[in-house]
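Below are the chains, spelled out letter by letter.
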Amino acid sequence: MASSTSASPREHLQTLPGDDVRQVMWRFADRYDLQMLVQSTRAVARGPVARLVAEGGRHTHDWTPEKHALLKEFDAAGITAAYLEPEEGGFLEGPKNLALALIAFELAWVDAGAATCSLATHLGLAPIHERGTPEQRLHYMSLAAPAPDREPKRAAFALTEPIPYVGVETGMLGGKVRIAEWPEGGEPILEVSKRGRFITNMAFANFVTAAVDSDDPRIKGSCMVILEETDPGVFDRGTPTRKLVHQLSATNDPVFQLRVPASRIVGGYTVKDGVLIPNYDHGSIIEAVFRRTRVTVGLMTSAKLLSSIEPLIRYHRDRFRGSEAVSPGSPRYELGLQQKEDVTHRLIDIWAAGEASASLGFATARLFDQLDPIEREKDRVLAEQGVHGGMAAVKALRKRQHEALEFIEMQAHNAALRNEERFQRLAADPVIQYIVLDAQANVLCPATKLWNTGHGSVMMREAVSLMGGYGITEDCPGFLGYKWMDSQLEATYEGPEAVQRRQLSLTMTNEVFQAQFRNWIHEMRQIASIEPGTGACTLASAMHLWQWTLNHLQHATDSNGQKLYQSNRQGVTFPMADALCWLLAARCLILDVEHLRRHGAEVIQQGFRGTVDFLTDLCHVQAAHAAGQAARICTELVFGFLRHPSWDDDPQCAACCFNEPELRQIESVVPGASGFTGDYFREDGGHETKAGPCVRAPGLADFSRLRAKLDGCLAGALLAKDRAAESVQKVMIPAALDYPQ
Ligand SMILES: Cc1cc2nc3c(=O)[nH]c(=O)nc-3n(C[C@H](O)[C@H](O)[C@H](O)COP(=O)(O)OP(=O)(O)OC[C@H]3O[C@@H](n4cnc5c(N)ncnc54)[C@H](O)[C@@H]3O)c2cc1C
């Protein structure tokens with residue numbers, strides 16, 4: 001295949017990437033149902049939501065009638081029912097992760113509070129959806145479906161409790177459940193007491209899924225229970241949280257003291273020796289819920305970054321128009337602030353980060369769409385073998401891990417060079433496929449949540465700064481100031497950054513993930529050999545450096561002999577998790593642009609080449625950023641725990657330093673050789689003015705070689721940035737922003 005980047009002159013971007021481009025990149029070009037959902041959600045976002053923001057709806061944290069009216073808009077647009085199965089009142093067949101991701105993206109393009117509001121009912125339903133009994137699922141999911149004759153029932157999810165109790169990652173629960181009555185041969189009645197903190201939707205939720213712990217020897221462990229507003233007892237919605245962000249969602253600190261039948265335990269229970277045993281503890285339900293819902297949160301911040309591009313270009317371009325001193329046709333009139341390189345280069349950084357985070361988020365959402373049916377199939381296969389979840393399932397999966405590794409190894413070879421029959425058998429085995437995809441999902445989900453929101457909020461600040469004073473006013477087009485603040489909540493709720501880093505530090509060392517990561521390095525090199533302008537080679541070198549470093553850290557100790565890679569050494573594990581996220585996001589962007597290059601030409605006529613060339617340059621820019629971050633982090637970790645040699649060290653100094661007569665001897669044999677080191681003692685005992693002899697670590701020669709190679713791989717990245725910046729000067733944009741409508 002000819003390389004578009006190297007063989008022919010590059011074209012400029014003509015217009016901002018439209019729906020046709022996004023549908024191909026994010027792989028829903030063949031999903032008419034999702035395209036329609038995007039359109040109807042966009043109409044709500046850029047219409048009623050944008051109007052409410054523009055009219056000052058965010059100025060209060062109270063839940064107002066105007067905010068409440070948005071719920072009906074969500075219902076009418078199909079947003080509320082998007083989570084439901086057709087038999088429950090929904091309209092989308094099959095897994096819905098990508099659908100929910102697209103909804104979050106469209107709403108957050110305008111206001112992430114509205115996105116949170118729309119998705120919080122799905123979050124409240126998620127424990128029932130993931131782990132509920134068939135009866136619970138049908139009952140509550142159907143209640144949540146909008147119908148012509150009644151308001152749908154809305155849900156909330158109550159895990160977080162007032163300080164000092166539970167946050168997202170802790171197993172300690174203040175909420176309690178006891179058995180109030182247990183009629184002979186009948187169903188137990190539970191007494192549930194739970195106080196929530198920061199619970200979304202609580203101003204209007206009709207039912208709540210709440211995490212509680214047993215306070216009764218007749219109940220084992222923890223569970224989640226469904227609480228309804230009409231249950232006997234106290235269903236106090238509590239005071240509104242005085243939020244600075246996401247004011248278009250309702251957040252309260254509720255108090256519940258209710259009696260409910262035991263059938264409300266999510267996922268049901270069994271009774272053994274007079275003890276009620278919930279089928280699922282709260283931790284396992286929450287894990288299943290968050291691993292999906294965190295992806296949509298990550299995409300909210302991506303939407304904001306990409307939504308800032310058009311208003312920024314318009315602001316910069318128009319900056320001096322209207323002044324008598326600046327006449328039409330002059331560069332100052334036509335380009336405004338875009339004449340200045342810093343403005344366009346920083347915009348490219350924001351744009352590349354937005355693209356990469358969207359690519360990572362949508363790739364993760366699609367991965368869950370792939371994983372969901374395989375997970376069910378895996379459960380069925382294991383159940384046939386008498387394995388029903390818990391530790392037994394973990395053991396059964398572990399036993400087959402070597403086959404998953406074999407499959408991944410075979411994936412790297414072409415069909416002619418492998419045992420194809422064996423490969424196809426492994427490819428069709430749901431247990432093997434589950435192990436492979438699950439290892440990916442366990443990394444990609446926290447990576448999306450962590451990087452998209454964390455780095456996203458840093459880049460949102462950059463977007464605000466590029467708007468000057470306008471950026472921090474309510475009048476800023478695209479509501480950039482609000483979006484910047486909001487992104488900090490996205491980085492916090494459903495588990496703050498440390499929680500994601502903790503998860504990554506465990507899941508990224510999984511052998512099955514590491515094996516796939518090795519294949520991904522190879523995949524990047526292959527792309528680079530055909531499309532060198534993507535920066536895929538740079539990225540591959542950075543991925544190699546990262547993998548080498550991880551392996552090194554897992555075996556290395558610091559200069560005090562303490563193990564480096566261990567759970568309580570977050571100063572080691574967390575930066576490695578951060579570095580990985582950079583790499584994954586850049587990889588996903590390259591894959592999306594490659595997909596567009598191969599499949600876009602048939603559907604995108606207008607300006608296709610310019611769009612692909614521009615996005616290719618963004619890939620290169622982002623790959624270089626990712627490589628730089630990974631290299632910095634890895635180098636710091638590899639060298640930072642070594643003790644720097646000092647001039648006073650003996651015998652170390654004797655091993656790494658010369659003395660002057662020795663150097664003279666060397667010089668007599670190899671003239672000029674003495675100039676290569678400053679690490680020697682003069683005859684008067686003095687030495688060069690520096691901290692000590694330079695560090696020499698023979699065991700790290702491989703690292704230094706990889707690092708030096710990576711530095712060279714950065715060649716061309718800033719040429720790509722220059723080209724992309726030029727495109728930003730030339731791209732056509734509409735005369736005005738299309739929201740509020
Ligand atoms: C507007 C809003 C809406 C919300 N909606 C809901 C909802 O609907 N339902 C619900 O249940 N909850 C909800 N929450 C709660 C939210 O999920 C938590 O606030 C969030 O998970 C952070 O927990 P925390 O506030 O207890 O922070 P903390 O856990 O106290 O974190 C404080 C800091 O310590 C760090 N930290 C925490 N643990 C570790 C660790 N192990 N290692 C290293 N560092 C650590 C964190 O990264 C953070 O920087 C909402 C919160 C807000 C603000």
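Scroll up to find the structure.
Conventions and cut-offs
- Residues numbered from 1 in each chain as written.
- Predicted model: local features only at pLDDT ≥ 70, side-chain atom pairs only at ≥ 80, totals over all residues.
- Heavy atoms only, no water.
- Helix = DSSP H or I, 4+ residues; strand = E, 2+ residues; numbered from the N terminus.
- Expected span 1.5 Å × (residues − 1).
- Buried < 20%, exposed > 50% of the residue type's maximum accessible area, 1.4 Å probe, protein only.
- Near = heavy atom within 4 Å.
- Polar contact = N/O pair within 3.5 Å; in protein donor to acceptor, adjacent residues only side chain to side chain.
- Areas by Shrake-Rupley, 256 points an atom, 1.4 Å probe, with all protein chains shown as cover.
- Lys, Arg positive; Asp, Glu negative; His and termini not counted.
- Salt bridge = Lys/Arg side-chain N within 4 Å of Asp/Glu carboxyl O.
- Contact = heavy atoms within 4.5 Å.
- Core = buried A, V, L, I, M, F, W, Y, C linked by side-chain atoms within 4.5 Å.
- Axes fitted to C-alpha atoms, helices over the stretch in contact; angles between N-to-C directions.
- Parallel < 35°, antiparallel > 145°, perpendicular 65-115°, else oblique.
- Nonpolar A, V, L, I, M, F, W, Y, C, P; charged D, E, K, R; others polar.
- Pairing = 2+ DSSP bridges.
- Left-handed = near helix turned anticlockwise from the far one by under 90°.
- Phe/Tyr/Trp six-rings, centres within 6.5 Å; stacked < 30°, edge-to-face > 60°.
- Lys NZ or Arg CZ within 6 Å of the ring centre and 35° of its normal.
- Patch = residues over 30% accessible without salt bridge, like charges linked within 9 Å, V, L, I, M, F, W, Y side chains within 5 Å.

Engineer: Give a detailed account of helix 15 (residues 480–492), specifying residues and quantitative values.
Structural biologist: Here helix 15 spans 19 Å end to end across 13 residues, near enough to the 18 Å set by a 1.5 Å rise per residue. Of the residues making up helix 15, those classed as buried are Leu480, Gly481, Tyr482, Lys483, Asp486, Ser487, Glu490 and Ala491. One or two steps after helix 15, the chain reaches Glu494, where phi turns positive at roughly 55°.

Engineer: An account of the site of the ligand is requested, with residue identities and associated values reported.
Structural biologist: Close to the ligand lie 21 residues; Phe157, Leu159, Thr160, Phe198 and Thr200 are nearest. At 2.7 Å, a side-chain N or O of Thr200 approaches a nitrogen atom of the ligand. One nitrogen or oxygen atom from the side chain of Gln570 is found 3.2 Å from a nitrogen atom belonging to the ligand. For the ligand, whose accessible area on its own is 970 Å², the fraction buried by protein is 69%. Mapped by element, the contributors of at least two residues to the shell around the ligand are strand 1 (155–158), strand 4 (199–200), helix 15 and helix 16 (497–507).

Engineer: Which residues make up the side chain of Lys483, and what values do they have?
Structural biologist: Looking at where Lys483 falls in the secondary structure, it is placed in helix 15. Buried and unpaired, Lys483 has no salt bridge, with Asp111 as the nearest side chain of opposite charge at 8.3 Å. Within polar-contact distance, the side chain of Lys483 engages the backbone oxygen of Gly478 at 2.8 Å.

Engineer: So what's going on with the side chain of Arg587? Residues and values would help.
Structural biologist: Structurally, Arg587 is set in helix 19 (residues 570–599). The class for Arg587 is buried, based on a relative accessible area of 8%. Dropping the residues within four chain positions of it, Arg587 is found in contact with Trp520, Glu523, Met524, Leu539 and Met543.

Engineer: Explain the nonpolar core to me, using residue names and the numbers behind them.
Structural biologist: Counting residues in each nonpolar core, the largest one holds 200 residues, and the members touching the most others are Phe74, Trp351, Met508, Phe517 and Trp546. With residues up to four places along the chain from it excluded, the contact list for Met508 reads Val443, Phe513, Gln514, Trp546, Leu550, Tyr565, Thr573, Met576, Ala577 and Leu580.

Engineer: Tell me about the packing of helix 14 (residues 430–465) against helix 19, and name the residues and values.
Structural biologist: Two elements in contact, helix 14 and helix 19, have axes separated by 9 Å at closest approach and are oriented at 95°. By the angle between their directions, the pair helix 14 and helix 19 is classed as roughly perpendicular. Listed contacts from helix 19 to Val443, Leu444, Ala447, Leu450, Trp451 and His455 of helix 14 are Asp578, Leu580, Cys581, Trp582, Leu584 and Ala585. When grouped by side-chain class, the residues that make up the contact of helix 14 with helix 19 number 10 nonpolar, one polar and one charged.

Engineer: Describe the pairing of strand 8 (residues 251–261), and please don't skip the residues or the numbers.
Structural biologist: Of the pairings in the sheet, the one linking strand 3 (residues 189–195) to strand 8 comprises seven bridges and is antiparallel in character. Within strand 8, the residue paired with Glu191 across the bridge is Arg259. Pairing geometry for strand 4 and strand 8, over two bridges, is antiparallel. By the bridge assignment for strand 8, Thr200 is matched with Thr251. In this sheet, strand 8 lies alongside strand 7 (residues 233–240) in antiparallel orientation, the contact comprising six bridges. What sits directly across from Thr239, in strand 8, is Asp253.

Engineer: Provide a residue-level description of the packing of helix 18 (residues 536–555) against helix 23 (residues 701–713), including the pertinent values.
Structural biologist: At a minimum axis separation of 9 Å, helix 18 and helix 23 run at an interaxial angle of 160°. Of the possible angle classes, the one that applies to helix 18 and helix 23 is roughly antiparallel. For the element pair helix 18 and helix 23, the recorded crossing hand is left-handed. Every residue of helix 23 that contacts helix 18 at Cys537, Thr538, Ser541, Ala542, His544, Leu545, Trp548 and Thr549 is listed here: Asp702, Phe703, Leu706, Arg707, Lys709, Leu710 and Cys713.

Engineer: Help me get a handle on the packing of aromatic side chains, residues and values and all.
Structural biologist: According to the stated counting rule, one finds 21 aromatic pairs in the structure shown. Each ring, one from Phe479 and one from Tyr482, has its centre 6.4 Å from the other, and the planes form 45°; the classification is tilted. For the pair formed by Phe479 and Tyr482, the shared burial category is buried. Aromatic pair Trp548 and Phe703: ring centres 5.6 Å apart, planes at 50°, arrangement tilted. Residue Trp548 is found in helix 18, and its partner Phe703 is found in helix 23; the two are separated by 155 residues along the sequence. A residue is classified by how much of its surface remains accessible, and Phe703, at 1% relative accessible area, is buried. Following the ring pairs from residue to residue traces out a cluster consisting of Trp26, Phe105, Trp109 and Phe362. Over the face of the ring belonging to Phe423 we find Arg418, whose NZ or CZ atom lies 3.7 Å from the ring centre. Looking at Arg587, its charged tip hangs above the ring of Trp520, at a distance of 3.7 Å from the centre.

Engineer: Run through the pattern of salt bridges, naming residues and quoting values.
Structural biologist: Summed over all chains, the structure comprises 59 salt bridges. Two residues, Lys721 and Asp349, come together in a salt bridge whose shortest N-O distance is 2.9 Å. Of the two residues, Lys721 is situated in helix 24 (residues 717–730) and Asp349 in helix 10 (residues 341–384); the sequence distance between them amounts to 372 residues. In this structure, Glu594 and Arg598 form a salt bridge, with 3.8 Å as the shortest nitrogen-oxygen distance. Residue Glu594 and its partner Arg598 are both found in helix 19; the two are separated by four residues, about one turn of the helix. A residue is classified by how much of its surface remains accessible, and Glu594, at 5% relative accessible area, is buried. Through salt bridges with shared partners, a single ionic network connects Asp19, Arg42, Arg46, Glu106 and Asp738.

Engineer: Tell me about a nonpolar patch on the surface, residues and numbers included.
Structural biologist: Among the surface-exposed residues, Ile666, Val669 and Val670 lie close enough to one another that they form a single nonpolar patch of about 260 Å² accessible area. Looking at the element boundaries, Val669 is found in helix 22 (residues 660–669).

Engineer: Any chance you could break down unusual backbone geometry for me, citing the residues and the numbers?
Structural biologist: Comment: phi is negative for the bulk of residues other than glycine, and the bulk of peptide bonds are trans. A cis amide bond links Tyr739 with the next residue in sequence, Pro740, at an omega value of 0°. By secondary structure assignment, the location of Pro740 is in the segment after helix 24. One non-glycine residue with positive phi stands out, namely Asp273, at about 50°. Structurally, Asp273 can be placed in the loop between strand 9 (269–272) and strand 10 (275–278). Not every positive phi belongs to a glycine, and Phe479 is a case in point at roughly 50°. Turning to its location among the elements, Phe479 is positioned in the loop between helix 14 and helix 15. The exposure class of Phe479 is buried, given its relative accessible area of 8%.

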